[in-house]
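# Residue-level structural notes
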Amino acid sequence: MTGALSGGRTARLAVVAVVACVAGLLPGPGSAARDQREAGLGVMYDCGLPTGARQVEVVFDATFPARGAVGKPIRPVAVRVRAGLTRTVVDELLPEGTRSVGGTVAVATTVAQGRERALAEWVELASPEVRLPARGTVEVGFSGDVPHVTVGAEGDVTFRVGRLDLAFDPGSSGTGARPDPAARLSCTPARGADTLLATVPVGAGPEGAPPAPGTGSADPDGDTSNGTPDNDPPDDRRSDDTPHGIDAGPRPAATTDKCPLDPPKGELDPRRLPSPPPGAEVSKLEPTSMCAVPVGFATLRKLKSSAIVNDPHGSGALAGRPGLMHLAMRLREVRAPDYVEYDHLGLMHIPDAEGTFLTFGFQPTTAKVRFEPEPATIVNVIRPGEPPVTRVGYRQHLRLYDVRVNGVPLDVGPRCRTSRPVDTVLTGNYPVSEGGLLRGELDIPALAGCGTGGEDLDVLLSGAVSGPGNALKIRQGRVCGAGSPCKVPELPAL
């Protein structure tokens, strides 16, 4: 009986242990793709206040592909919106005594190609709290992910900014009270303002590529009911209809906590840093705080099964938002001819994991795992003419608790964990700002300290869990800035 129980919880531990090991691994940001270009635009907006319209200067920055292809997504990245609030606007908009302000902004962006047009809603761009100066203008910066755009024909695609809706969250006041987040501001471009942010030329896509559906501001379920029939000419006055040929992509959902304002603390592991090339210049830098979300699969070789890493959909009693990888960006830089290296520090913050498995095909077993991580050392190497190489080195203990077999508690004690930290290395080749795939393998060490009342479960658990060759496949989402929620990527193919 003891053996059956131990085997059941071994199966659960095995899967959860691999999940725990992998979930904390993520590469830091590297160089941007070479075929991208930055766009910037300043626009004067007329904003409605109770006493009348006030002008607010707004600056837009984003990175677009230098060119596009029919049927292939055009992805604006590194999107930032900066609103300059004068003292008059601040005093009228925010409660008296407000010392800082943050919030979100939504931008109605018109995408056009020839006579076709679509509305791309840039929503949930977020700002960290900004301290208000005693006088003068305060700049509030918003950033986040925006929808991609796909077109079904060749020709220039333009992006024009339009209506702006700001929601401000006032910070603490001089009295220590925190006002309600009720300050809202709706703005439209001033008459005669130039609203053209970017133009992307689009050429022929791969042979046989399907044309873009006419979904416009598509919902996540792909509803195309807002499409305009082919024989209905576009109407400049309509912003909620989309003629056939432009897909403004699904609206990205902000489903994570905001990235912390301050970077994580810790030191790079010198054993994981490559030797600098001859004559290289090594610099220590002041890091910035950024985040990303990793999701994927860990396959346990002995059990011939896989588990989801940082489940983007969640399940069970501990289900919640997927965890963030918190990054201290660019702690160290190494430069030499034809060689650039950026070294970052990363730390995963995820809740305890819980799951249910069938032991021997019929006996339900549940368990929880707590992660006890060390900071990850993340190395990005960029060489001319080669894709960037990202390597992540990371260690953490895995602690097992609250094990139940067929609903009956199995006491593993308070010290049941891996006998030594689990060491993992993941490698990927992709622009980290865009996200991509990482691959690696785990060697799970033996477990120790498992069992109470004289019962030693270490050998049984280790026999089913420990060993090399446990494959990992992780998809990293795009990097987001401090104060912003991160986009959760889709799971990779198993």
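## A few points about the overall build of the protein chain
Along the protein chain, the regular secondary structure elements total three helices and 31 strands. Per-residue burial over the protein chain gives 50% buried out of 494 residues. For the protein chain, the proportion of contacts with a sequence separation of at least 24, taken over those separated by at least 6, is 75%. When the accessible area of the protein chain is evaluated, it comes to approximately 22500 Å², of which 50% is carbon and sulfur surface.

## Describing the state of the cysteines
Counted according to the given criterion, the structure contains four disulfides. Two residues, Cys-259 and Cys-291, share a disulfide whose sulfurs are 2.2 Å apart. Note on the Cys-259 and Cys-291 pair: the S-S dihedral is about 80°, so by sign convention the disulfide is right-handed. In this pair, Cys-259 sits in the loop between β14 (246-247) and β15 (281-284) while Cys-291 sits in strand β16 (residues 288-292), placing the two residues 32 residues apart along the sequence. This pair shows no difference in class: Cys-259 is buried, exactly as Cys-291 is. Linked covalently through their sulfurs, Cys-416 and Cys-450 form a disulfide whose S-S length is 2.0 Å. Torsion about the S-S bond of the Cys-416 and Cys-450 cystine: about 75°, corresponding to right-handed handedness. Of this pair, Cys-416 sits in the loop between β25 (408-410) and β26 (417-418) while Cys-450 sits in the loop between β29 (447-448) and α3 (458-465); the two residues are 34 residues apart in sequence, bridging distant segments of the chain. By relative accessible area, Cys-450 is classed as buried at 3%. In the protein chain, the bonded cysteines, taken in the order they occur along the sequence, pair up as 1-2, 3-4, 5-6, 7-8.

## Considerations on the confidence of the model for the protein chain
Here the protein chain averages 76 in pLDDT, while 74% of its residues score no lower than 70. The low-confidence segment residues 1-34 (pLDDT under 50) makes 125 contacts with residues lying over four places distant or belonging to another chain. Confidence drops under a pLDDT of 50 for residues 208-243, and excluding neighbours within four residues, the segment shows 64 contacts in the predicted structure.

## What to know about the pairing of strand β2 (residues 52-65)
Alignment of strand β1 (residues 36-49) against β2, held across 14 bridges, turns out to be antiparallel. Bridge pairing in β2 places Leu-41 opposite Phe-60. Between β1 and β2, which pair antiparallel and follow one another directly, the connecting turn spans two residues. Bridge count for β2 against strand β4 (residues 77-85) is six bridges, and the pairing is antiparallel. When the sheet's bridge partners are listed, Val-58 is paired in β4 with Ala-83.

## Describing the nonpolar core
One finds Phe-60 and Phe-168 to be the most contacted residues of the largest nonpolar core, which totals 51 residues. If we ignore the near neighbours within four places in the chain, the residues touching Phe-60 are Ala-39, Gly-40, Leu-41, Val-43, Tyr-45, Arg-80, Val-81, Val-107, Val-161, Leu-164 and Leu-197. Counting 36 residues, the second largest nonpolar core, distinct from the first, contains Leu-327, Val-422, Leu-438 and Ile-474.

## Quick word on the pattern of salt bridges
Per the stated rule, a full pass over the model turns up 13 salt bridges. The closest approach of N and O atoms between Arg-332 and Asp-343, which form a salt bridge, is 2.5 Å. Within this pair, whereas Arg-332 is found in strand β19 (residues 324-336), its partner Asp-343 is found in strand β20 (residues 339-349), the two being separated by eleven residues in sequence. We note a salt bridge from Arg-395 to Glu-374, for which the minimum N-O separation is 3.2 Å. Taken together, the positions of Arg-395 in strand β24 (residues 389-405) and Glu-374 in the loop between β22 (363-373) and β23 (376-382) put the pair 21 residues apart, joining distant regions of the chain.

## A closer look at unusual backbone geometry
Phi at Ala-78 is positive, roughly 50°, even though this residue is not glycine. Of note, Asp-338 is a non-glycine position whose phi angle comes to about 60°, a positive value. Looking at where Asp-338 falls in the secondary structure, it is placed in the loop between β19 and β20.

## Here's the deal with the environment of Leu-324
For Leu-324, the position within the fold is in strand β19. By relative accessible area, Leu-324 is classed as buried at 9%. Excluding anything up to four places from it in sequence, Leu-324 contacts Thr-256, Asp-257, Lys-258, Cys-259, Cys-291, Ala-292, Val-293, Leu-347, Met-348, His-349 and Cys-486.

## With respect to the packing of aromatic side chains
Taken as a whole and judged by the stated rule, the model has two aromatic pairs. Plain terms: the ring middles of Tyr-45 and Phe-60 are 6.3 Å apart, the flat faces sit at 50° to each other, and that makes the pair tilted. With Tyr-45 in strand β1 and Phe-60 in strand β2, the pair connects residues that are 15 residues apart, well separated along the chain. Take Tyr-45: its relative accessible area is 0%, and that puts it in the buried class. Note on Phe-60: relative accessible area 1%, which makes it buried. Summarising the aromatic geometry, the rings of Phe-64 and Phe-159 are spaced 4.8 Å apart at their centres and angled 55° between planes, so their arrangement reads as tilted. Of this pair, Phe-64 sits in strand β2 while Phe-159 sits in strand β9 (residues 155-170); the two residues are 95 residues apart in sequence, bridging distant segments of the chain. Each member of the pair, Phe-64 together with Phe-159, is buried.

## Quick look at the environment of Pro-65
Mapped onto the secondary structure, Pro-65 falls in strand β2. Its relative accessible area of 14% is what places Pro-65 among the buried residues. Between the C-alpha atoms of Pro-65 and Arg-75, which are ten residues apart in sequence, the distance is 7.1 Å. When neighbours within four sequence positions are excluded, Pro-65 is seen to be in contact with Asp-35, Gln-36, Arg-37, Ile-74, Arg-75 and Val-200.

Thresholds, definitions, all that
Residues numbered from 1 in each chain as written. Predicted model: local features only at pLDDT ≥ 70, side-chain atom pairs only at ≥ 80, totals over all residues. Heavy atoms only, no water. Helix = DSSP H or I, 4+ residues; strand = E, 2+ residues; numbered from the N terminus. Buried < 20%, exposed > 50% of the residue type's maximum accessible area, 1.4 Å probe, protein only. Contact = heavy atoms within 4.5 Å. Areas by Shrake-Rupley, 256 points an atom, 1.4 Å probe, with all protein chains shown as cover. Disulfide = S-S within 2.5 Å. pLDDT = per-residue confidence, 0-100. Pairing = 2+ DSSP bridges. Core = buried A, V, L, I, M, F, W, Y, C linked by side-chain atoms within 4.5 Å. Salt bridge = Lys/Arg side-chain N within 4 Å of Asp/Glu carboxyl O. Phe/Tyr/Trp six-rings, centres within 6.5 Å; stacked < 30°, edge-to-face > 60°.

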